[in-house]
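What follows is the residue order along each chain.
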Amino acid sequence: MGLRISNTLSGRKDEFIPSGETVSMYVCGMTPKFHPHVGHARLFVAVDVMRRIFEYRGYRVRHVQNFTDIDDKTIARAQAEGITPEEVARKYTESYFESMASLNVLPAHEYPTVTGVMSRIVDYVQGLVDKGFAYVVEGDVWFEVGKFPDYGQLSKRTEESGMVGVRKDLEPGKRDPRDFALWKSAKPGEPSWPSPWGEGRPGWHIECSTMVRETLGDQIDVHAGGQDLIFPHHENEIAQSEAYTGCRPFARYWPHVGLVMTDNEKMAHSLMNFTTIHDVLGKYDPAAVRLYLLQVHYRAPMAFSEDGLVSATRSIRTLKLAYGGSDEPTEGECPEAAALLVRFDELVEDDFNTPGALGVLFDTAHEVNRGAANVPETAALRAALRTMVGVLGLPLDVEAPSNSSSAAPFIDLLVETRSALRVERQWAMSDRLRDRLAELGVILEDSPRGTAWRFSEDRT
RNA sequence: GGCGACGUAGCCAAGUGGUUAAGGCGGAGGUCUGCAAAACCUCUAUCCAGGGGUUCGAAUCCCCUCGUCGCCUCCA
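Rules of the game
Residues numbered from 1 in each chain as written. Chains lettered and ligands numbered in written order. Predicted model: local features only at pLDDT ≥ 70, side-chain atom pairs only at ≥ 80, totals over all residues. Heavy atoms only, no water. Pairing = 2+ DSSP bridges. Helix = DSSP H or I, 4+ residues; strand = E, 2+ residues; numbered from the N terminus. Domains from an automatic or database assignment. Contact = heavy atoms within 4.5 Å. Buried area = accessible area lost by both parts, 1.4 Å probe. Near = heavy atom within 4 Å. Polar contact = N/O pair within 3.5 Å; in protein donor to acceptor, adjacent residues only side chain to side chain. Nonpolar A, V, L, I, M, F, W, Y, C, P; charged D, E, K, R; others polar.

Visitor: Account for the pairing of strand 16 (residues 450–455), naming residues and giving values.
Guide: Direction of pairing for strand 15 (residues 442–447) relative to strand 16: antiparallel, over a ladder of six bridges. Residue pairing for strand 16: Glu445 is matched across the bridge by Ala452. Taking the residues between adjacent antiparallel strands as the criterion, strand 15 and strand 16 are bridged by two residues.

Next up, the structure:
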């Protein structure tokens, strides 16, 4: 059975049938107006896993992800920080890349920006005007929803049912409450770009339609984003694109990633209730963070919790132990390893079921840790585990930062001293050292090869 | 009000028609260890928000109720 993907457009889980040799995937990226938070991390890790699974299943993928580098919020942030909107965008775009590199998120093949495609956006808006889908009112350009009969196909809203709650006070010149801005005339002091309708800047949705067309073409395979973008953003994107190109569906598969919740509301910059990825990575192993994010199916809402991160930190150890063993040459067949991989493949193909797949990883890790002496099977099992870890993108190769602490030389010294005491069989003294270190958050592990230490994950 | 997502053990979470309901964390016991830690082994949901219904058979399909969240447009 092949890959199946939940598709907001069809309202079902659909079998994935590629349109060509390469899977085209567009992801609504972030507005770089502050450091990315855990909600962003979840979205981009989820999308990263989708891409890795496509590639694992033998597809080539072309992944494009935008930055909305100019909008009301970047302008507001620029004023707050006393820098230009460009500087805001640059600063937080860098922050984005840092966080994503730590989480082992593969870079997209292309990162278009609004400012980078401005002239194409103007052309696109002009095209919609020419085709009769948009009208101009005093420097503003509006998309006329009434001209596009399929409006609401993604969000399942109809004019009668879902639109009743929209604002009643129309902006000047707007013909229908549902109409939305393609181009907004500049207010004094705002950044603006020239257009046939005067100085202004693009509306919120048009940049994505333009960028998709510029980078991937008139129809794409996969369009992903957060669940909060279904309406109006993705709905409007579809309207613009299908009106412009006449090609439908604009995107064939629409997987939407559930939101990260904190205190029973979505984590969002605008709600001031977020935890940045940077902060989380300061306290937790990146592999644990990624594991934590993949432990919930991407479509379900996810409650952010430190307990979950602590739990994931403990879990990751089992995986690391099995993953990091020395390499023995693999010889012969290992039916058990093959069976585990089959289980893994089936789960991963079924709408990117990472929580289910992680169950297989732990089963595999236990098999490896159990049979460390049984060389051929262990090698095959470990190879299978490495394959799975690669598909999920868990950064198990990366050392947790603990041993690079500035306290490390002193802890090493204490451990060394204790080892000497142990040789003398001075148990009372050596145990006291171990207990005192434990109180300070340093855990000692004795083995025939010597004594290793690590920081407790519970330290605050 | 409309549309959508969700409600499975102490916590997190797979499973969406059929033998014993994955896995992780936590907990209990054991092996190992000078004692620990780590690792490994065993145990830890007669039951899937509640109530009806369909079926030989449902956590899984249908209806209703309750609860949580998201979206409802140039955005606080």
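Moving on from the model shown.
Visitor: Go over the domain arrangement of chain A with me, naming the residues and quoting the values.
Guide: One frequent convention defines the size of an interface as the accessible area lost when the parts assemble. According to the domain assignment, chain A contains domain 1 (4–260), domain 2 (284–392) and domain 3 (401–455). Taking the mean C-alpha position of each, domain 1 and domain 2 sit 35 Å from one another. The interface is formed by 28 residues belonging to domain 1 together with 27 residues belonging to domain 2. Of the roughly 2,300 Å² buried at the junction of domain 1 and domain 2 (both faces included), carbon and sulfur atoms supply 61%. It is Arg4, Arg42 and Tyr56 in domain 1 that bury the most area against domain 2; as a group they hold 27% of the surface buried on that side.

Visitor: Please provide a residue-by-residue account of the protein's contact with RNA strand B, values included.
Guide: The environment of RNA strand B is made up of 55 residues, and the closest members are Asp72, Lys73, Glu171, Ser315 and Asp431. The sugar-phosphate portion of RNA strand B accounts for 67% of its atoms within 4 Å of the protein, the bases making up the rest. Here a phosphate oxygen of RNA strand B and a side-chain polar atom of Lys266 are 2.8 Å apart. Between RNA strand B and Asn369, the relevant distance is 3.2 Å, taken from a phosphate oxygen to a side-chain nitrogen or oxygen of the residue. Where the surface near RNA strand B is concerned, the elements lending two or more residues are helix 2 (72–81), strand 7 (180–185), helix 6 (230–245), strand 13 (265–266), helix 9 (306–323), helix 11 (354–370), helix 14 (427–439) and strand 15. Among the elements that take part in the surface near RNA strand B, helix 11 stands out by supplying eight residues, more than any other. The residue makeup of the surface near RNA strand B, split by class, is 16 nonpolar, 16 polar and 23 charged.

Visitor: Mind laying out the environment of Gly226, listing which residues take part and the relevant values?
Guide: Inspection of the secondary structure puts Gly226 in strand 9 (residues 220–226). The sequence separation of Gly226 and Gly2 amounts to 224 residues, and the corresponding C-alpha distance is 25 Å. Not counting residues up to four positions away in its chain, the partners in contact with Gly226 are Leu43, His256 and Val257.

Visitor: Please provide a residue-by-residue account of the side chain of His40, values included.
Guide: With respect to the helices and strands, the residue His40 is situated in helix 1 (residues 38–56). Not counting residues up to four positions away in its chain, the partners in contact with His40 are Met30 and His269.

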